[in-house]
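Each chain, written out:
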Amino acid sequence: MARTKIAVCVCSGGIDSTVAATIASQEGYNLYFFHASYGQRAEACEKETVEIIARYLGAKELKFVEIPFLKELGGSALTDAKRTVPVGEEVHLDSDKETPPTWVPCRNLILLAHASAYAEVIGADALFVGFNAEEARSYPDNEAEFVKRYNTVLEKAVASFSRVPSVKAPLVHLLKPEIIKKGMEVKAPLLLTYSCYLGEEKHCGICASCLHRRRGFKDAGVVDLTEYIR
Ligand SMILES: [Zn+2]
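About the cut-offs
Residues numbered from 1 in each chain as written. Predicted model: local features only at pLDDT ≥ 70, side-chain atom pairs only at ≥ 80, totals over all residues. Heavy atoms only, no water. Salt bridge = Lys/Arg side-chain N within 4 Å of Asp/Glu carboxyl O. Helix = DSSP H or I, 4+ residues; strand = E, 2+ residues; numbered from the N terminus. Phe/Tyr/Trp six-rings, centres within 6.5 Å; stacked < 30°, edge-to-face > 60°. Buried < 20%, exposed > 50% of the residue type's maximum accessible area, 1.4 Å probe, protein only. Axes fitted to C-alpha atoms, helices over the stretch in contact; angles between N-to-C directions. Parallel < 35°, antiparallel > 145°, perpendicular 65-115°, else oblique. Left-handed = near helix turned anticlockwise from the far one by under 90°. Contact = heavy atoms within 4.5 Å. Nonpolar A, V, L, I, M, F, W, Y, C, P; charged D, E, K, R; others polar. Donors = N, O, S within 2.8 Å, 3.2 Å for Na, K, Ca; no water. Tetrahedral: all angles 85-135°; square planar, octahedral: opposite > 155°, others 65-115°.

Chemist: Residue-level account of the pattern of salt bridges, with values.
Modeler: Evaluated as defined, the whole model comprises 11 salt bridges. As a salt-bridge pair, Asp80 and Arg83 come within 3.7 Å of each other at their nearest N and O atoms. Note that Arg230 is salt-bridged to Glu200, the shortest N-O span being 3.5 Å. One end of the pair, Arg230, is in the segment after helix 8 (208-220); the other, Glu200, is in the loop between helix 7 (176-185) and helix 8, with 30 residues separating them in the sequence. Among the charged side chains, a salt-bridge network with shared partners connects Asp94, Glu134, Arg137 and Arg215.

Next up, the structure:
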């Protein structure tokens, strides 16, 4: 099958964005991976993981962007060394009463703006993202409404004669166990993904992201082959 459509896959190396990229591949897109370094603790691991996943999925290109402003700005436990990432008992997985300390101000908006510029230059048809219902419990920039509104903005953000790409969030209504099941169905390389906030070589097993990962596999009834330190 000749692939003619182009998708920019915004990928962190985690489960969600990897499953979304795999879906783009299944839908016949040529994949152009996009990954942002914004001072997140786990960046070295994320970058290495994204390289592996892009290669695994046969991506045509892998574009890295540096956004040091987000680290400079701080305001998040992920980017500010003076703040601590909650682990174990300190993590409130399903709390929607407060902003999690790992929230990075306007991150998805900022990442999408960069990825959209890339999409315009290469004439992409779509941008695939791993936004999902589990993240949307705490982060409104994972909701279907955010995607819809962003796509409206995008129509006026690219030049008149450019192709207007649209953001596609195939997991937007799914929780983690459903995403993992979907990943199994589309043969996403789940075992290659990296979720940990801390950036240790192996998954710590106790940060919010590791806990979501563990619970997701368990609730999906899929054997979790991830090596956790704790
Ligand atoms: Zn972790």
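Chemist: If you had to explain the packing of aromatic side chains to someone new, which residues and values would you point to?
Modeler: Each aromatic ring pair is specified by the distance between its two centres and by the angle formed by the two planes. According to the stated counting rule, one finds 5 aromatic pairs in the structure shown. Geometrically, the ring pair formed by Tyr29 and Phe128 is edge-to-face, given 5.2 Å between the ring centres and 70° between the ring planes. Within this pair, whereas Tyr29 is found in strand 2 (residues 29-37), its partner Phe128 is found in strand 4 (residues 126-128), the two being separated by 99 residues in sequence. In terms of burial, Tyr29 and Phe128 fall into one category: buried. Measuring from ring centre to ring centre gives 6.1 Å for Phe131 and Phe146, while their planes differ by 55°; the resulting arrangement is tilted. On the criterion of sequence distance, the pair formed by Phe131 in the loop between strand 4 and helix 5 (133-136) and Phe146 in helix 6 (residues 144-155) is long-range, its members being 15 residues apart. Just as Phe131 is buried, Phe146 falls in that class too. Here a set of aromatic residues connected by ring pairs shows up, and it is made of Phe131, Phe146 and Tyr150.

Chemist: Tell me about the packing of helix 7 against helix 8, residues and numbers included.
Modeler: Two numbers describe how helix 7 lies on helix 8: the axes approach to 8 Å, and their chain directions differ by 65°. Overall, the two elements helix 7 and helix 8 adopt an arrangement that is roughly perpendicular. At the point where helix 7 passes helix 8, the crossing takes the right-handed sense. Contacts between helix 7 and helix 8 involve Lys176, Pro177, Ile180 and Lys181 on the former and, on the latter, His212, Arg213, Gly216, Phe217, Asp219 and Ala220. Split by residue class, the contact of helix 7 with helix 8 holds 4 nonpolar, 2 polar and 4 charged.

Chemist: Give me the coordination of the zinc ion: which residues, what numbers.
Modeler: Note on the zinc ion: its protein donors are Cys196 (SG), Cys204 (SG), Cys207 (SG) and Cys210 (SG). The metal-donor distances range over 2.3 to 2.4 Å. One can describe the donor arrangement at the zinc ion as tetrahedral, given that its 4 donor atoms subtend angles of 104 to 116° at the metal. Mapped onto the polypeptide sequence, the residues donating to the zinc ion form the spacing pattern C-x7-C-x2-C-x2-C. Of this pair, Cys196 sits in the loop between helix 7 and helix 8 while Cys210 sits in helix 8, and the two are 14 residues apart along the sequence.

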